[in-house]
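# Residue-level structure breakdown
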Amino acid sequence: MDVIFDPARQGATAAAEGVIKDGDQKTFMQDVVEASRQVPVLVDFWATWCGPCKTLTPALEKVVNAAGGRVRLVKIDIDKNRQLVAQLTQMGLPLQSVPTVVAFWQGQILDLFQGALPESEVKRFIEGLLKAAGGQMPTADLLAEAEAAVAQGDHAAALELFGALSQQEPENAKALAGVARALLALGEEEQALAILDSAPAKIKDAPEITAARSAIELEVEGRRAREMLSQFEERIAANADDHEARIELAVALNAAGNREGAVDALIEAIRRDRTWNEEAARKQLLKFFEAWGFEEPATKAGRRKLSTLLFR
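Cut-off values and rules
- Residues numbered from 1 in each chain as written.
- Predicted model: local features only at pLDDT ≥ 70, side-chain atom pairs only at ≥ 80, totals over all residues.
- Heavy atoms only, no water.
- Buried < 20%, exposed > 50% of the residue type's maximum accessible area, 1.4 Å probe, protein only.
- Helix = DSSP H or I, 4+ residues; strand = E, 2+ residues; numbered from the N terminus.
- Pairing = 2+ DSSP bridges.
- Right-handed = clockwise from strand over helix to strand, strands pointing away.
- Salt bridge = Lys/Arg side-chain N within 4 Å of Asp/Glu carboxyl O.
- Phe/Tyr/Trp six-rings, centres within 6.5 Å; stacked < 30°, edge-to-face > 60°.
- Axes fitted to C-alpha atoms, helices over the stretch in contact; angles between N-to-C directions.
- Parallel < 35°, antiparallel > 145°, perpendicular 65-115°, else oblique.
- Left-handed = near helix turned anticlockwise from the far one by under 90°.
- Contact = heavy atoms within 4.5 Å.
- Expected span 1.5 Å × (residues − 1).
- Core = buried A, V, L, I, M, F, W, Y, C linked by side-chain atoms within 4.5 Å.
- Domains from an automatic or database assignment.
- Buried area = accessible area lost by both parts, 1.4 Å probe.
- Polar contact = N/O pair within 3.5 Å; in protein donor to acceptor, adjacent residues only side chain to side chain.
- Nonpolar A, V, L, I, M, F, W, Y, C, P; charged D, E, K, R; others polar.

For the protein chain, an unreviewed UniProt entry supplies the name Tetratricopeptide repeat protein and the organism Neoroseomonas marina.

Right under this line is the structure:
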């Protein structure tokens, strides 16, 4: 039996082909072992009869492509490469079942997993591999995954992803603001503010940082205001020109998730007395817009109402 791991057959450099390829026992040293001295290499051991392989392989290919050349994928059909599989099994790799994905780095086995993981877990596996190898996932990919985690309400995952991106790019305002917002969602307001206070000078006044700070301040103010919601309503009922109470009511409504009501309360305050307390109602409304984001429907609707009022 030929020795697959024969040092005499080792090439000087990694294979020059694309980041994804089909491999076999003849090219294993070049495609995997030697190539892994340049970038991490994943080896997907699969079989035509394996149902889960048909799910996993496309996910692997998608994530590897998204990594922008920082990791490679070699796919090996175990039925066509029994000699290689036998040798690797003797080395302790659990190739009795597929799919099995083995990560190589610097000519050595770094990590592995078995079974058809979902794409999100495949991403985590590759991120861990790149981190161990001193590499990084592309900024755009990390940001997209972090924003997807926020959309799914997984703020712990978002914190981890925004944190990784912030470490890669300390002056990335979106990343640092994302860390702060994730901490806020997890109830860590003081830590969120501390993160923003630590922002590099270059981005400390960036719109993303300012908006995140506004969101934190609104949450703190809103918690206090929610407890006094009925009191503000009573004050307004007794005196429709109690502008301070109307502004506090808007803060409380926003904290309760009623953005439309918050906008309407401030629009009414502006309508009654635009200049009260140095235009406090208008400034509070702009603070809401900043915290919510310019694409938020409540922001767009509120801006229309404000412009109608100011330019009538």
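There is more to say, and it comes next.
### As for the pairing of strand E2 (residues 41-46)
Put simply, side chains in a regular strand alternate between the two faces of the sheet. Counting buried residues in E2 gives five out of six residues, a clear majority hidden from the surface. Pairing of E2 with strand E3 (residues 72-77) involves six bridges; the strand directions are parallel. Bridge pairing links Val41 to Arg72 in E3. Crossover connection from E2 via helix H2 (residues 51-66) to parallel E3: handedness right-handed. Pairing between E2 and strand E4 (residues 100-105): five bridges, direction antiparallel. In the strand pairing of E4, Val41 is matched with Phe104.

### Quick look at the pattern of salt bridges
Enumeration over the complete set of coordinates arrives at 20 salt bridges. Linking Arg235 and Asp242 is a salt bridge whose minimum nitrogen-to-oxygen distance equals 3.0 Å. What emerges from the salt-bridge pattern is a single network uniting Asp241, Glu268, Arg271 and Arg272.

### Brief notes about the packing of aromatic side chains
Inspection of the entire model under this criterion finds four aromatic pairs. Pairwise contacts between aromatic rings join Phe288, Phe289 and Trp292 into one cluster.

### Thoughts on the packing of helix H6 (residues 155-168) against helix H7 (residues 173-185)
Working note: a packed helix pair is described by the angle between its axes plus the distance between those axes. Closest axis-to-axis distance for the H6/H7 pair is 8 Å, and the angle between their directions is 155 degrees. Judged by the inter-axis angle, H6 sits roughly antiparallel to H7. In this structure, the crossing between H6 and H7 has a hand that is left-handed. Packed against H6, whose contacting residues are His155, Ala158, Leu159, Phe162, Gly163, Leu165 and Ser166, the element H7 presents Lys174, Ala175, Leu176, Gly178, Val179, Ala182, Leu183 and Ala185 at the interface.

### Quick look at helix H4 (residues 119-132)
Over its 14 residues, H4 runs 20 Å from end to end, which matches the ideal 20 Å to within 8%, given 1.5 Å per residue. Within H4 the residues assigned to the buried category are Val122, Lys123, Phe125, Ile126, Glu127, Leu129 and Leu130.

### Focus: the nonpolar core
Ile209, Leu266, Leu285, Phe288 and Trp292 are the most contacted members of the largest nonpolar core, which has 54 residues in total. Setting aside chain neighbours within four positions, we find Leu266 in contact with Ile247, Ala250, Ala281, Gln284, Leu285 and Phe288. Ranked by size, the runner-up nonpolar core spans 22 residues in total, among them Val32, Val43, Ile78 and Val102.

### Some thoughts on the domain arrangement of the protein chain
Size of an interface: often given as the accessible area lost when the parts come together. As assigned here, the protein chain comprises domain 1 (9-133), domain 2 (139-219) and domain 3 (239-311). Taking only C-alpha atoms into account, the centre of domain 2 sits 26 Å from that of domain 3. In this assembly, seven residues from domain 2 lie in contact with six residues from domain 3. Here domain 2 and domain 3 share an interface that buries about 600 Å² over both sides, 59% of which is from carbon and sulfur atoms. Three residues stand out in domain 2 for area buried against domain 3, namely Ala211, Ser214 and Leu218, and they jointly supply 68% of the buried area on that side. Seen at the junction of domain 2 and domain 3, the total is one salt bridge. A salt bridge links Lys287 to Glu217, with the shortest nitrogen-to-oxygen separation between them at 3.3 Å. Between domain 2 and domain 3 we count three residue pairs in polar contact (both at pLDDT 80 or more) in total. By residue number, the principal contributor to the side of domain 2 that touches domain 3 is helix H9 (residues 207-226), which donates six residues. A breakdown of the residues in the side of domain 2 that touches domain 3 according to their chemical character gives three nonpolar, two polar and two charged.

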